[in-house]
Every structure is written in C-alpha cells, then in structure tokens.
Amino acid sequence: MDLVIGPLDLAAHVDEALSVQAVAFGLGPEEVAVRRQIVQRHMQYPGARAFGATTRGLLVGFVYGMPNSRGHWWSTVVEPYLRAQRNDFWLDDSFVITELHVHPDHQNRGIGRRLITTITDGAAEPRSILSAIDTESPARGLYHSLGYVDLARQVHFPSAALPYAVMGAPLPLRRG
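Here is a short report on the structure shown in this document. One numbering rule holds for all chains: residues counted from 1, following each sequence as written. Local features in this predicted model are restricted to residues of pLDDT 70 or higher, and side-chain atom pairs are both shown and tallied only at a pLDDT of 80 or more, whereas totals for entire chains, interfaces and linings draw on every residue. As a rule here, side-chain values come from all non-hydrogen atoms in the structure, and water together with hydrogens is ignored.

## Looking at the overall build of the chain
Step number 1: Helix and strand definitions here come from DSSP, where helices need a minimum of 4 consecutive H or I residues and strands a minimum of 2 consecutive E residues; each element is numbered from the N-terminal end. Along its length, the chain carries 5 helices and 7 strands.
Step number 2: Ordered by position from N to C terminus, the α and β elements of the chain give β-α-α-β-β-α-β-α-β-α-β-β.
Step number 3: Relative to the compact-globule value of 16 Å for 176 residues, the chain shows a C-alpha radius of gyration of 15 Å, a close match.
Step number 4: Projecting the C-alpha coordinates of the chain onto the three principal axes gives extents of approximately 45 × 40 × 30 Å.
Step number 5: A simple rule labels every residue: compare its accessible area, found with a 1.4 Å probe on the protein chains alone, to the largest value its type can have, and call it buried under 20%, exposed over 50%, or partly exposed in between. Counting only residues that meet the buried cut, the chain has 48% of its 176 residues in that class.
Step number 6: Note on contacts: a residue pair is in contact if any heavy atoms of the two residues lie within 4.5 Å. Sequence separation of at least 24 residues holds for 67% of the intrachain contacts in the chain that already meet a minimum separation of 6.
Step number 7: With residues, only the protein chains shown are counted as cover, and all accessible areas are computed by Shrake-Rupley using a 1.4 Å probe. Accessible surface for the chain amounts to roughly 8,800 Å². Of this, 53% is attributable to carbon and sulfur atoms. Using C-alpha atoms as the atom set, the radius of gyration is obtained and then compared with a globule rule of 2.2 Å times the number of residues to the power 0.38.

Structure follows, in structure tokens:
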C-alpha cells in the first residue's frame, strides 16, 4: 500500500476527514454538521495540529489534537472524574488527542499507530491524554500498547450514549 502520513490542513479538508469519521464511528449527517463546527473551532486553538494518512491521494485516516487547557469543554467534563481518581493533574502539561479515525477498509494496518505516534512525537508536553469509548476494543488495545493507562472510567459526556474512559500516557509513546 502506498501510504503517506503527513501534516493535514484540517480546516481545508474537514469534509474529507469527517467523511472518514462518519464511516468509522457511525455518524449521521446531523452529527457530522455539529462536528464540522467543532473541528473548525478547535483548529484555531494555539498549538492545534493535524496529520492525515493518504493512499493514492485519498484520505483514509486522520488525527488531530492540541495542548490541553482546563478551560476547554472536554476538560471541564472529564475533570471531576479525574479528580475523583486523583488524576486531575493529567489535565496540565498534556497534549490531548481530540480525534483519531481510520476508515474501516484501512484498519488493522498500523495506520492509527503511525498517526498517533507522529502527532505526539511533535508535542512539547510530557504526556498525552485522550478519551475512548469505555469498552474493550481495537482502539483501546492500540492505546494500551502505546503506554496509555486508564485514568478514569465510566465518564459520561452529555451528548454521548455510551460511557468513555479517559486515558493517559507519558511521551514519547511506547514503541513495539
């Protein structure tokens, strides 16, 4: 496979990226429209960056993130759960992985691993945090293999039907 991992101008390619996310995550048109606004806003935050995985010019996966701020919506939701586990310090000096998605036709080929290690290798922060649906899944297996540990489980986001786990790892991420 002719796969290229490189910087992605996510604001310019938001529709391509969200089409990957919609298929990978099962999103309908209304949810995609909401996420489009969120992505556009996030990409204006200081230090926000994105990487894409392309094959033959087609975007098949992407990741984006930013230095975490306790003032961001995500942090305000997860902070009480982290505090209850005495892990709220993870919200400081962390690079948050906001989204990581690979099209199902291209999963299980190491693309997600390459995307997340590429974006975190460029982070100035000493650790990374993210949230994932709180069930044993290939995504959580990937995160565990990279050194992420569960910081809080059964985290409920207002618009999500399923609970999430908040995970954190020291940087650089574990290889192999």
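Next comes the rest of the description.
## Looking at the side chain of Asn 87
Step number 1: You can see Asn 87 is positioned in the loop between α3 (73–84) and β4 (94–102).
Step number 2: The buried category is assigned to Asn 87, whose relative accessible area is 15%.
Step number 3: In this view, Asn 87 contacts Leu 82 and Leu 151; residues no more than four positions away in its chain are not counted.

## Some remarks on the packing of helix α1 (residues 14–25) against helix α2 (residues 29–42)
The packing of two helices is summarised by the inter-axis angle and the distance between the axes.
Step number 1: Running from amino to carboxyl end, α1 crosses α2 at an angle of 130°, the nearest separation of the two axes being 10 Å. Between α1 and α2, the crossing angle belongs to the class labelled oblique. Note on packing geometry: the crossing formed by α1 with α2 is right-handed. Side by side, α1 and α2 meet where Val 14, Asp 15, Leu 18, Gln 21, Ala 22 and Phe 25 of the first sit next to Val 32, Arg 35, Arg 36, Val 39 and Gln 40 of the second.
Step number 2: Under the scheme applied here, ten amino acids are nonpolar (Ala, Val, Leu, Ile, Met, Phe, Trp, Tyr, Cys and Pro), four are charged (Asp, Glu, Lys and Arg), and all others, including Gly, are polar. Considered class by class, the residues forming the contact of α1 with α2 number 6 nonpolar, 2 polar and 3 charged. Working convention: axes come from line fits to C-alpha atoms, limited for helices to the stretch in contact. Angles between N-to-C directions cover 0 to 180 degrees. Should an angle fall under 35 degrees it is taken as roughly parallel, and over 145 as roughly antiparallel, whereas 65 to 115 is taken as roughly perpendicular and any remaining angle as oblique. Handedness of a crossing is defined here by the sense of rotation of the near helix relative to the far one, left-handed for an anticlockwise turn of less than a right angle and right-handed for a clockwise turn.

## Focus on α1
Step number 1: Taking 1.5 Å as the rise per residue, α1 with 12 residues should run 16 Å; its terminal C-alpha atoms sit 16 Å apart, in good agreement.
Step number 2: Of the residues making up α1, those classed as buried are Val 14, Ala 17, Leu 18, Val 20, Gln 21 and Ala 22.
Step number 3: Against the buried residues of α1 lie α2, β3 (58–67) and β4.
Step number 4: Gly 26 occupies a position one or two residues after α1 and carries a positive phi of about 70°. The span expected for a helix works out to 1.5 Å for each residue beyond the first.

## Remarks on the environment of Thr 118
Step number 1: Here Thr 118 is to be found in helix α4 (residues 111–121).
Step number 2: Residues Thr 118 and Pro 7, 111 residues apart in the sequence, show an inter-C-alpha distance of 9.4 Å.
Step number 3: Aside from chain neighbours lying at most four places away, what touches Thr 118 is Ile 5 and Phe 51.

## Description of unusual backbone geometry
Step number 1: Note that the residue after Leu 171, namely Pro 172, is joined by a cis bond; omega there is 0°.
Step number 2: Non-glycine residue Arg 86 carries a positive phi angle of around 60°.
Step number 3: Within the element layout of this structure, Arg 86 appears in the loop between α3 and β4.

## Let's talk about the packing of aromatic side chains
Step number 1: Two rings from Phe, Tyr or Trp (for Trp, the six-membered ring) form a pair when their centres are within 6.5 Å of each other. A pair whose planes differ by under 30 degrees is stacked, one over 60 is edge-to-face, and the rest are tilted. Counted according to the given criterion, the structure contains 4 aromatic pairs.
Step number 2: Relative to Phe 157, the ring of Trp 73 has its centre 5.8 Å away and its plane inclined at 35°; by these criteria the two rings are tilted. With Trp 73 in helix α3 and Phe 157 in the loop between β6 (149–155) and β7 (164–170), this pair connects stretches of sequence that are 84 residues apart.
Step number 3: Ring plane angle 40° and centroid distance 6.0 Å describe the contact between Phe 89 and Trp 90, whose orientation is recorded as tilted.
Step number 4: For Trp 90, a relative accessible area of 11% corresponds to the buried category.
Step number 5: An aromatic cluster is built from Trp 73, Phe 157 and Tyr 164, whose rings are joined through pairwise contacts.

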